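# Structure assessment
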Amino acid sequence: MNFKDKELIIFDFDGTLINSIPDLTLAINKMLSHFKFSTLTITEVTPFIGNGAKPLVKRALDAAMKKEGSIEVDFKEAFDIYLAAYKEITCKDTFMYPGVLDTLNYLKEKEYKMVICTNKPMEFVEPILDTLKIKDFFQLWIGENSLAEKKPSALPLLHLVEEMNSSIEKSIMIGDSKNDILAAQNAKMDSIGATYGYNYNENISDYKPTMVLDNFTDLQKSF
């Protein structure tokens, strides 16, 4: 499928450009350990990712309580512990997916505008971009707390289109989660769904993106 008529590429972050599950799991487990819960595996944490930080913490607590019995936990305290833990190890073991760097270089050479729309809290985005040395590829990024609504709302995508002086027709959303595809559909925008990401253990093709992507490098065939 050909998207060479596009000018703005909106990328999701976690599960699309980067795999941050090792660090997210470490932070979740530090929070759980504080409350004397057993830790969760990466496999257990993975389906909890995608709607933002608070849903991630809530799902982890629910899973821990289901395994060990309900105890009284102050959610604000749990969330604050998680955020502090993640701040300490934001990009300790986080890594880019295969082909991301080469493909970003390719798209930059083709002079596409590139931005990031993530449901990760905004304060964690730039440190990861800096550590992985990919910040210069992106002209703008927004997180879950940047606007009044987050994905799957169309608002973040519409905001980015306006900020980048583009149009819906010339823009495309690329992500691994149903939140990315639904946000694009809500914005009447084309979308590409990556099969290698998190997506709650669901098949991304079930949400009918414009195109399905198995390998990040395959973008070079379409742009």
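Residues numbered from 1 in each chain as written. Predicted model: local features only at pLDDT ≥ 70, side-chain atom pairs only at ≥ 80, totals over all residues. Heavy atoms only, no water.

The next thing to look at is the overall build of the protein. Looking only at helices and strands, the protein features eight helices and eight strands. Against the compact-globule benchmark of 17 Å for 223 residues, the protein has a radius of gyration of 17 Å, which places it among compact chains. Projected onto its principal axes, the C-alpha coordinates of the protein cover approximately 55 × 30 × 30 Å. When the 223 residues of the protein are sorted by exposure, 54% land in the buried category. For the protein, the proportion of contacts with a sequence separation of at least 24, taken over those separated by at least 6, is 68%. As displayed, the protein has an accessible area near 10200 Å², and 50% of this comes from carbon and sulfur atoms. A distance of 1 Å separates the average location of the 25 positive side-chain charges in the protein from that of its 33 negative side-chain charges. (Helix = DSSP H or I, 4+ residues; strand = E, 2+ residues; numbered from the N terminus. Rg over C-alpha atoms; globule rule 2.2 N^0.38 Å. Buried < 20%, exposed > 50% of the residue type's maximum accessible area, 1.4 Å probe, protein only. Contact = heavy atoms within 4.5 Å. Areas by Shrake-Rupley, 256 points an atom, 1.4 Å probe, with all protein chains shown as cover. Lys, Arg positive; Asp, Glu negative; His and termini not counted. Charge placed at Lys NZ, Arg CZ, Asp CG, Glu CD.)

Quick look at the pattern of salt bridges now. Here the idea is simple: oppositely charged side chains can pair when their charged atoms come close. Scanning the entire structure with this criterion turns up 14 salt bridges. Between K6 and D190 there is a salt bridge, with its nearest N and O atoms 2.8 Å apart. In this pair, K6 sits in the segment before β1 (8-11) while D190 sits in strand β7 (residues 190-194), placing the two residues 184 residues apart along the sequence. Residues participating in the shared-partner salt-bridge network are D12, K151 and D180. (Salt bridge = Lys/Arg side-chain N within 4 Å of Asp/Glu carboxyl O.)

Glancing now at the side chain of N199. Take N199: it is sitting in the loop between β7 and β8 (211-213). Looking at N199, the relative accessible area reads 3%, which means it is buried. Apart from residues no more than four positions distant in its own chain, N199 is found in contact with D176, S177, K178, I204 and Y207.

Across soluble globular proteins, you tend to see nonpolar side chains buried next to one another. Counting 62 residues, the largest nonpolar core has F11, M31, Y82, F138 and F223 as the members making the most contacts within it. Looking at this core, the element that brings in the most residues is helix α3 (residues 53-68), giving eight residues. With residues up to four places along the chain from it excluded, the contact list for F138 reads F11, L17, L104, M114, V115, I116 and L129. Counting 16 residues, the second largest nonpolar core, distinct from the first, contains C117, L160, V161 and A187. (Core = buried A, V, L, I, M, F, W, Y, C linked by side-chain atoms within 4.5 Å.)

The six strands lie next to each other as β5-β4-β1-β6-β7-β8, forming an open sheet whose pairing is parallel. Among the strands making up the open sheet, the edge pair consists of β5 (140-142) and β8. Averaged over all pairs of adjacent strands, the angle between strand axes in this sheet comes to 20 degrees, irrespective of strand direction. The pairing of β1 with strand β6 (residues 171-175) spans four bridges and is parallel. Its bridge partner lying in β6, F11 is registered against I174. Along the sheet, helix α8 (residues 178-186) makes contact with β6 and β7, crossing β7 at roughly 175 degrees. (Pairing = 2+ DSSP bridges. Axes fitted to C-alpha atoms, helices over the stretch in contact; angles between N-to-C directions.)

For helix α5 (residues 100-109), the complete set of buried residues consists of V100, T103, L104, Y106 and L107. Within α5, the buried residues cover an arc of 160 degrees as seen down the axis, which keeps them to one side. For α5, the exposed residues lying more than 90 degrees away from the buried face are D102 and E109. Those residues of α5 that are buried are in contact with β1, β3 (95-96) and β4 (113-117). (Arc of directions from axis to C-beta.)

With that out of the way, let us pick up the packing of aromatic side chains. Under the defined criterion, the tally for this structure stands at nine aromatic pairs. Taking 5.4 Å as the distance between ring centres and 90 degrees as the angle between the ring planes, the aromatic pair formed by Y112 and F223 counts as edge-to-face. Remark: F223 occurs in the segment after β8 and Y112 occurs in the loop between α5 and β4; sequence separation between them is 111 residues. Of the residues examined, F223 reaches a relative accessible area of 1% and is grouped as buried. Chaining the aromatic ring pairs together yields one cluster made of F3, Y112 and F223. When the ring centre of F79 is taken as origin, the NZ or CZ atom of K54, which lies over that ring, is 5.5 Å away. Over the aromatic face of Y200 sits the side chain of K178, whose NZ or CZ is 4.9 Å from the ring centroid. (Phe/Tyr/Trp six-rings, centres within 6.5 Å; stacked < 30°, edge-to-face > 60°. Lys NZ or Arg CZ within 6 Å of the ring centre and 35° of its normal.)

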